[in-house]
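# A structural walkthrough
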Amino acid sequence: MKALVYHGPGKKAWEERPRPRIQDDKDAIVKVLKTTICGTDLHIMKGDVPEVTDGRVLGHEGIGIVEEAGKSVASFKRGDRVLIACITSDGSCEYCKKGMYSHCLHGGWILGHTIDGTQAEYVRIPYADTSLYAIPEGINEDAFVMLSDVFPTAFECGVLNGQIKPGDTVAIIGAGPIGLAALLTSKFYSPSRIIMIDVDDGRLAVAKEIGATDTVNSRINGSAVEKVMELTGERGVDVAIEAVGSPVTFEICEEIVAPGGHIANIGVFGQSVDLHMEKLWSHNITLTTRLVYTVTTPMLLKSVESGSLHPERLVTHHFALSDIMNAYETFSHAREEKALKVVLENR
Ligand SMILES: [Zn+2]
């Protein structure tokens, strides 16, 4: 089969690899129908994720058809259409029993990380019963691809941790795929106002189209903090969602959160930040961080099937899987290319 293989920082190739085989009775082999590229894959390509070694097939998102199921797999058989969760879970360890699948003692984020991933024609999925989800045939395939990682991450780490309530004022910093997915899923809770902050007018225009009530370009309008305070009558926001992962954007959250409010961090931080405890403690601020568990995947699947959630709105580009080198090129110049998520189809 063909697969996208990592060969050390800055080096990758679309090349011939042996087709994966069942290694354990709980495995399934899935023929990939659609996959995508994550910001994390770009970090891997830069060499920021040293556990990923030369020869690894990348990718942790996608949908497919079960090609072969191991003897102990009870829920899936050959021919079933499935969503591949970015988090692999055995379903039986101490953490899985608490619903903390990303901390699974035998799984977690392993796909395209410590084992071969989904940017290939076939992928081996360990613990298939608890790491795959059945999806209906034919409808809205792009939407389901977005449920492998982007939507559970934004919903769990941003919206649920932020405890958005009806009527709340919400600010989301960062209008990339994760920030926009937080915007779409925050609407489950009917906030009265959703303020989107980014430095890119194209992305802010998308945010407006999919339901942001206000947008702030923090580059053009000077201080994003002043602008948000002005928009909220100097009160601030009930929930500030950080979807970038930089000290500057984290500090904006600390400045704009109203008394009693929540700062929900989704962004991946590579450096430390100033924690303004002198303000936060007396303002009753709750600060949360976490990894995605994918425990909300079944709920998000139902929301897509019922038509109340449209994750496919974040898909801007389609490529053939065999054209993945070009897809990486487009995705790594996302702002110039006006790209959000790219979908790769194994035609
Ligand atoms: Zn586990």
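Parameters and conventions
- Residues numbered from 1 in each chain as written.
- Predicted model: local features only at pLDDT ≥ 70, side-chain atom pairs only at ≥ 80, totals over all residues.
- Heavy atoms only, no water.
- Helix = DSSP H or I, 4+ residues; strand = E, 2+ residues; numbered from the N terminus.
- Rg over C-alpha atoms; globule rule 2.2 N^0.38 Å.
- Buried < 20%, exposed > 50% of the residue type's maximum accessible area, 1.4 Å probe, protein only.
- Contact = heavy atoms within 4.5 Å.
- Areas by Shrake-Rupley, 256 points an atom, 1.4 Å probe, with all protein chains shown as cover.
- Donors = N, O, S within 2.8 Å, 3.2 Å for Na, K, Ca; no water.
- Tetrahedral: all angles 85-135°; square planar, octahedral: opposite > 155°, others 65-115°.
- Axes fitted to C-alpha atoms, helices over the stretch in contact; angles between N-to-C directions.
- Parallel < 35°, antiparallel > 145°, perpendicular 65-115°, else oblique.
- Left-handed = near helix turned anticlockwise from the far one by under 90°.
- Nonpolar A, V, L, I, M, F, W, Y, C, P; charged D, E, K, R; others polar.
- Arc of directions from axis to C-beta.
- Domains from an automatic or database assignment.
- Buried area = accessible area lost by both parts, 1.4 Å probe.
- Phe/Tyr/Trp six-rings, centres within 6.5 Å; stacked < 30°, edge-to-face > 60°.

### Digging into the overall build of the protein
Along the protein, the regular secondary structure elements total 13 helices and 15 strands. Against the compact-globule benchmark of 20 Å for 347 residues, the protein has a radius of gyration of 20 Å, which places it among compact chains. Referenced to the eigenvectors of the C-alpha coordinate spread, the extents of the protein come out at roughly 60 × 40 × 40 Å. Looking at the 347 residues of the protein, the share that counts as buried comes to 55%. In the protein, the share of contacts with a sequence separation of at least 24, taken over all contacts with a separation of at least 6, comes to 69%. In the structure as shown, the protein presents an accessible area of about 14,600 Å², 50% of it carried by carbon and sulfur atoms.

### With respect to the coordination of the zinc ion
Around the zinc ion, the donor atoms from the protein are Asp 90 (OD), Cys 93 (SG), Cys 96 (SG) and Cys 104 (SG), and they sit 2.1 to 2.4 Å away. One way to put it: the four donor atoms around the zinc ion meet at angles of 97 to 122°, and that makes the site tetrahedral. Residue classification places Cys 96 among the buried residues on the basis of a relative accessible area of 6%.

### What about the packing of helix α8 (residues 224–231) against helix α9 (residues 247–256)?
Relative to each other, α8 and α9 sit at 30°, their axes nearing to 10 Å. Taken as axis vectors, α8 and α9 run roughly parallel relative to one another. By crossing handedness, the relation of α8 to α9 is classed as right-handed. Each of Ala 224, Val 225, Val 228 and Met 229 in α8 lies in contact with α9, whose residues at this interface are Ile 252, Glu 255 and Ile 256. Tallied by class, the residues present in the contact of α8 with α9 amount to six nonpolar, no polar and one charged.

### Quick notes on helix α11 (residues 297–305)
All buried positions along α11 are accounted for by Thr 297, Leu 300, Leu 301, Ser 303 and Val 304. Angularly, the buried residues of α11 cover 160° about the axis, an arc narrow enough to put them on a single face. The elements touched by buried residues of α11 are β5 (81–84), β7 (132–134), α4 (141–145), α5 (150–160) and α6 (177–186).

### So, the domain arrangement of the protein
Looking at the protein, the domain boundaries give domain 1 (2–149 + 293–345) and domain 2 (152–288). Once you take the C-alpha centre of each, domain 1 and domain 2 turn out to be 28 Å apart. Facing 22 residues of domain 1, the contacting portion of domain 2 comprises 20 residues. Contact between domain 1 and domain 2 buries roughly 1,600 Å² in total, counting both sides, with carbon and sulfur atoms accounting for 65%.

### Re the packing of aromatic side chains
Evaluation of the coordinates by the stated rule reveals two aromatic pairs. Both rings, one in Phe 155 and one in Phe 188, keep their centres 5.6 Å apart while their planes meet at 85°; by these two values the pair is edge-to-face. Here the residue Phe 155 occupies a position in helix α5, and Phe 188 occupies one in the loop between α6 and β9 (193–198), the gap between them amounting to 33 residues. Given a relative accessible area of 2%, Phe 155 falls into the buried group.

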